[in-house]
Amino acid sequence: MDWLIAIPEFLVNEILSVPAFLIGIIVAVGLIALKKSTGQIIGGAMKAILGFLLIGAGAGLVVASLDPLGIMIQGATGAQGVIPTNEAIVGIAQETYGAQVAWLMIAGFAISLVLARFTPLSYVFLTGHHILFMATLLTIVLATAGYSGPLTVGLGGALLGILMVSLPAFSQPFTRKITGDDSIAMGHFGTAGYVAAGTVGRLVGGKSSRSTEDLKLPEGLRFLRDSMVATALSMVIMYVVVAMIFFAREGEAAYEAFDGGAENFGNFIMLSVTQGLQFGIAVAVILFGVRTILGEIVPAFQGIAAKIVPGAIPALDAPIVFPYAQNAVLIGFLSSFTGGLVGLAALTLWLNPALGLALILPGLVPHFFTGGAAGVYGNATGGRRGAVAGGFVNGLLITFLPALLLLVLGDFGSANTTFGDTDFGWFGILVGYGAGVGSIGGVVVVAALGLLILGAAILVQRRVVDRNWDASPHRPEQAERSSTEAPVADTQGQYPKIQPPQGAPAPPARG
């Protein structure tokens, strides 16, 4: 009977939990539905896989460049506590609940496709690793509440499937404000932070708050308009400042922040500079990967929409919105990290002594990816002020929610790590306390919670998304602001003359 466990574990761990393979399969299915040639199918699937591998490579570079900075920030501030890391808590849980997680993930993905086919929520959630993370969270919470394995898989799979089609609907009005259409959706369990960022941006922005992408710089600073340069330079400055504070506090012991250690103070500073530059490279790799995957996934979904899930919209990982407002990504990251520090201060001075909540240290990786995306959402609805406020609110959410989530994780609450993104927090808390009501009563409460979320999502889809509600009517779509306007033909079919750029040579006279 071991094969009954080995097969789903292989599908989950080696295929479905690897975003690149999952995306490649989906693209191939879409191209097959479009009746493309074998070469086009293989080529499209390979480009999609390579695009996601590029995103993964960039993410790996981000993590590698942020690890020493996290050590130095912790050393410079002297803070001790829990660092939310999805991968860490999932790895710990796999040892105990690996088989249940595998079956729950497969059940959830299948249920999500059924819901996408037969409800107005035509979203196909393609962020495989986040599906695995949520499946693990649901398994931990339901098993901790005392539910049996089959009940955990069945109830948890239904909840996972509901989330996978519902959350993209809640964020779609704001996502559409960024992209200008419904070609893609947000498929990332940080949705609450993005919706909050878009809402706050709408409140604090206005016509006077210009987009982060419209920054006007003096001639001598025009090089900062290159997002890769601006990102790298900002991180170099941040790295060097933190490194000097850390050295002032710890002396030569600070050298151990880097793998292998630094040889001397000069080498310590230059390693900090190098890591800041590596961060800029990492962001550039992610952006290139996003552009590559978009070029394949959108056409392939025409086939899925026509044959499998009519009107299907791919729900993709958070970096999918990064190219639409690259300055906002950096602003959102820094604002989110600031919010994390403010949240840590509130936990230290008030909530930990009063309620016993754990101290949540600001992890740079979740703050970069979710904070950067929150900055893009805030910018779309509220310009620069929206990007700052949206990132800050996201930082508060991914600080307080993980602290509350630890209370329902049972033995895993003492694992010195927890889930980091917003949807893991609020949903895990609700399911945990709902399941804690009792065996039968808990099932009823948790099932009602899932149905409530599904019903609310359908309502939002029909009355908000389908009716093209504008999340920020006083601002143009981000896609319009970041692209060159195409000339519009007049009634006689003639196009207005496009003036040559300043300094261009005069064209030769017509003979």
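You'll find the protein chain entered in an unreviewed UniProt entry as Ascorbate-specific PTS system EIIC component, with Nesterenkonia aurantiaca given as the organism. Under Sequence similarities (unreviewed entry), UniProt gives the following word-for-word description of the protein chain: "Belongs to the UlaA family." Its UniProt record gives the protein chain a comment under Function (unreviewed entry), which states: "The phosphoenolpyruvate-dependent sugar phosphotransferase system (sugar PTS), a major carbohydrate active transport system, catalyzes the phosphorylation of incoming sugar substrates concomitantly with their translocation across the cell membrane. The enzyme II UlaABC PTS system is involved in ascorbate transport."

(A) Geometry of the overall build of the protein chain. Of the regular secondary structure elements, the protein chain holds 14 helices and 3 strands. Burial statistics for the protein chain: of 511 residues in total, 52% are counted as buried. Here the analysis covers contacts within the protein chain between residues at least 6 apart in sequence; of these, 81% occur between residues at least 24 apart. Per element, the accessible surface of the protein chain, about 22,100 Å² overall, is 65% carbon and sulfur.

(B) Representation of a nonpolar patch on the surface in the model. Together, Trp3, Leu4, Ile5, Ile7, Phe10, Leu11 and Trp103 make up a nonpolar patch on the protein surface, roughly 660 Å² of accessible area in all. For the nonpolar patch, the element with the most residues is helix 1 (residues 2-16), which contributes 6 residues. Inspection of the secondary structure puts Trp103 in helix 4 (residues 86-118).

(C) The nonpolar core, seen in detail. In terms of nonpolar packing, the biggest core is built from 137 residues, with Leu69, Met72 and Phe368 touching the most fellow members. Once you skip the residues sitting within four places of it in the chain, Met72 turns out to touch Tyr239, Val242, Ala243, Phe246, Ala257, Phe258, Phe268 and Ser272.

(D) Layout of the packing of aromatic side chains. Enumeration over the complete set of coordinates arrives at 17 aromatic pairs. Where Trp426 meets Phe427, the ring centres are 5.5 Å apart and the plane angle is 75°; that geometry is what we call edge-to-face. The class of Trp426 is partly exposed, set by a relative accessible area of 24%. Three or more aromatic residues link up through ring pairs in this structure, and these residues are Phe125, Phe133, Phe189, Phe419 and Phe424. Here the basic side chain of Arg117 rests over the ring of Phe118, its NZ or CZ set 5.2 Å away from the ring centre.

(E) Fine view of the side chain of His367. With respect to the element layout, His367 can be found in helix 11 (residues 364-405). Within the local environment of His367, its side chain forms a polar contact with the side chain of Ser336, the two groups lying 2.7 Å apart. Not counting the four nearest positions on each side in its chain, His367 is found in contact with Phe333, Ser336, Phe337, Gly340, Pro362, Gly372, Gly395 and Ile398.

Parameters and conventions
Residues numbered from 1 in each chain as written. Predicted model: local features only at pLDDT ≥ 70, side-chain atom pairs only at ≥ 80, totals over all residues. Heavy atoms only, no water. UniProt positions renumbered as here; feature names shortened; annotations may be inferred. Helix = DSSP H or I, 4+ residues; strand = E, 2+ residues; numbered from the N terminus. Buried < 20%, exposed > 50% of the residue type's maximum accessible area, 1.4 Å probe, protein only. Contact = heavy atoms within 4.5 Å. Areas by Shrake-Rupley, 256 points an atom, 1.4 Å probe, with all protein chains shown as cover. Patch = residues over 30% accessible without salt bridge, like charges linked within 9 Å, V, L, I, M, F, W, Y side chains within 5 Å. Salt bridge = Lys/Arg side-chain N within 4 Å of Asp/Glu carboxyl O. Core = buried A, V, L, I, M, F, W, Y, C linked by side-chain atoms within 4.5 Å. Phe/Tyr/Trp six-rings, centres within 6.5 Å; stacked < 30°, edge-to-face > 60°. Lys NZ or Arg CZ within 6 Å of the ring centre and 35° of its normal. Polar contact = N/O pair within 3.5 Å; in protein donor to acceptor, adjacent residues only side chain to side chain.

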